[in-house]
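What the coordinates show
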Amino acid sequence: MTKTYEVRTYGCQMNVHDSERISGLLETAGYCPADPASAATPDLVVFNTCAVRENADNKLYGNLGHVAKLKAEHPGMQIAVGGCLAQKDRATITDRAPWVDVVFGTHNVGSLPVLLERARVQSEAQVEILESLETFPSTLPTKRDSVFAAWVSISVGCNNTCTFCIVPSLRGKEKDRRPGDILAEIEALVADGVVEVTLLGQNVNSYGVEFGDRQAFGKLLRACGQIEGLERVRFTSPHPKDFTDDVIAAMAETPNVMPQLHMPLQSGSDDVLKRMRRSYRREKYLGIIDRVRAAMPEAAITTDIIVGFPGETEADFEQTLEVVRAARFSSAFTFQYSPRPGTPAADLDDQIPPDVVKDRYQRLVAEVEDIAWAENRALVGRRVELLVSDSSGKKDHTTERLTGRARDNRLVHFVTGERGQSVAHGAAVRPGDVVEVEVTQAAPHHLVSDAEPLSVRRTAAGDAWEARQGRTEVRPGSVGLGMPLIGVPAPLPPAPSCSAVS
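Notes on the structure in this doc start here.

The rules behind these values
- Residues numbered from 1 in each chain as written.
- Predicted model: local features only at pLDDT ≥ 70, side-chain atom pairs only at ≥ 80, totals over all residues.
- Heavy atoms only, no water.
- Salt bridge = Lys/Arg side-chain N within 4 Å of Asp/Glu carboxyl O.
- Helix = DSSP H or I, 4+ residues; strand = E, 2+ residues; numbered from the N terminus.
- Buried < 20%, exposed > 50% of the residue type's maximum accessible area, 1.4 Å probe, protein only.
- Pairing = 2+ DSSP bridges.
- Right-handed = clockwise from strand over helix to strand, strands pointing away.
- Expected span 1.5 Å × (residues − 1).
- Contact = heavy atoms within 4.5 Å.
- Phe/Tyr/Trp six-rings, centres within 6.5 Å; stacked < 30°, edge-to-face > 60°.
- Lys NZ or Arg CZ within 6 Å of the ring centre and 35° of its normal.

**What to know about the pattern of salt bridges**
In this structure the tally under the stated criterion is 33 salt bridges. Between Glu6 and Arg8 there is a salt bridge; the shortest N-O distance is 2.9 Å. The partner of Glu314 in a salt bridge is Arg363, with the nearest N and O atoms 2.5 Å apart. Here Glu314, found in helix H12 (residues 314-327), pairs with Arg363, found in helix H13 (residues 354-377); they are 49 residues apart in sequence, far enough to count as distant. Relative accessible area serves as the criterion here: at 34%, Glu314 is assigned to the partly exposed category. Look at the salt bridges and you will find they share partners, linking Glu312, Glu314, Glu318, Asp359, Arg360 and Arg363 into a network.

Right under this line is the structure:
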């Protein structure tokens, strides 16, 4: 009997990518994804946790309390907890939630199927937390959420010591993949219909530190430009201290590297940056922005900002607003500081009262949105090229629009008519296809085109999306894992797809 699973993901892009690995592992081991439209309870629920977000532990235990009731009603159901909070809290999770079957860390995602089987056979919780990475996660099978866009890890871990961040202690020191392995993975993805990759690392532009090449990241970007069929390359997240001019040149000179940069600021005050242990200052940050825009005038730049860090004065906060006005970010992820146990900042003096933090946060958000809206209004009347998304906006169905991403990663909702049919071009526009549209409206967080697309280019990515409808595909990793399967093996050939299981 086929077992079903559900993965609940919290936190950053790293966790999203890890969840693709978790899904691939489970389906390789014989599980099928639970139908989200069904009222049936999954046989397995996996929580892929984050230790960075506010009240992450309280949210986890609240959700575990909810599924405990489901497990009591469905004997044989299993619950697993992985990710950064699992790496941090370890056995505490099974102490507080003894109904959890498996706890696994950030360094041993590949152990999950074996741990689940062991928990089932031994009828007791299995807790396995490794202190360092043994197998790079890209060797594991993957179930991608998107057919035509993919994350590609180039490194894991971080060598920085920011006082507000617990990630280095949970993800470990930076480990870099060899360039040949990265490029081989990208080429295989392109062969599967992928046209956009995002290079992923905790500190992506320090790539190469492990094998002693400070210009390795710029070289990698240029090498991506040589891969036929790869139309778009993005990366996240760089650190200002490691951002070099050879990377800016590589971005500007490599046609498939997109004119988009997400570079965390965190604070515009040099004093606060020093207390954060961020090894750059505002002038260096703004200098990078200036050089990026000189090389790529159309580049959209986004950032992360924390308000209310311990000791932040009103003058410090005003300096952050000054940098926001100077940088003119197209958007920003803004956060109210709150202490994270296990980080140096949690023990700093001069913690800011919550009401002051909230007030500054609201003022920052208003400033960011005003600037983002003005930047978007400047694009009205401009032609933009979109890669059509396989997800849509809340109003797209009623407005007969689809959603796409511009080259600078701006979100654009565009009109196509009934069932996505392009009247002018006589074909349905599919996710993965490329359209050119004229921007007719602007909002702080998106653009709108209510004019018929100027052009539609049907792509191999659109073909891949169309071919996959109704099927589940798991892309194998580069090594076999020898994982146990559940249930009775299906006769060969062929085995039924997950979508065929009721």
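**Here we look at the pairing of strand E14 (residues 331-336)**
Sheet faces and side chains relate simply in a regular strand, where the side chains alternate between the two faces. With 6 bridges joining them, strand E13 (residues 300-307) and E14 adopt parallel strand pairing. Bridge pairing links Ile305 to Thr334 in E14. Handedness of the crossover is the feature at issue here: the chain leaves E13, passes through H12, returns alongside E14, and the resulting connection is right-handed.

**Brief notes about helix H2 (residues 56-73)**
Taking 1.5 Å per residue as the helical rise, H2 with its 18 residues ought to reach 26 Å, and the 26 Å between its terminal C-alpha atoms agrees with that figure. When we look at burial in H2, the residues that qualify are Ala56, Leu60, Tyr61, Leu64, Val67, Ala68 and Lys71. Of the surrounding elements, those touching the buried residues of H2 are strand E1 (4-9), strand E3 (44-49), strand E4 (78-83), helix H3 (84-89) and helix H4 (91-96).

**Remarks on the packing of aromatic side chains**
All told, the structure shown has 6 aromatic pairs when counted by the stated rule. Centre to centre, the rings of Phe164 and Phe309 are 6.5 Å apart; their planes meet at 85 degrees, and the pair counts as edge-to-face. With Phe164 in the loop between strand E8 (155-156) and helix H6 (167-171) and Phe309 in the loop between E13 and H12, this pair connects stretches of sequence that are 145 residues apart. Here the two residues Phe164 and Phe309 agree in accessibility, since each one is buried. One aromatic cluster is present, built from ring pairs that chain together Phe164, Phe309 and Tyr337. Positioned above the aromatic ring of Trp373 is the side chain of Arg377, whose terminal nitrogen or guanidinium carbon lies 5.3 Å from the ring centre.

**Points about unusual backbone geometry**
Note that the residue after Thr236, namely Ser237, is joined by a cis bond; omega there is -10 degrees. Mapped onto the secondary structure, Ser237 falls in the loop between strand E11 (232-236) and helix H9 (245-253). If you check the backbone angles, Arg90 has positive phi at about 50 degrees while not being a glycine. Checked against the element boundaries, Arg90 lands in the loop between H3 and H4. Residues other than glycine seldom take positive phi values, yet Glu400 does so here, at roughly 55 degrees. Looking at where Glu400 falls in the secondary structure, it is placed in the loop between helix H14 (396-399) and strand E16 (401-406).

**Structural notes on the sheet that holds strand E5 (residues 102-104)**
The strand order E2-E1-E3-E4-E5-E6 describes an open sheet built from 6 strands, whose pairing is parallel. With one partner strand each, in any of the chains shown, strand E2 (32-33) and strand E6 (126-128) form the two edges of the open sheet. Where E3 meets E4, 6 bridges bridge the pair, whose relative direction is parallel. When the bridges of E4 are listed, Thr49 appears paired with Gly83.

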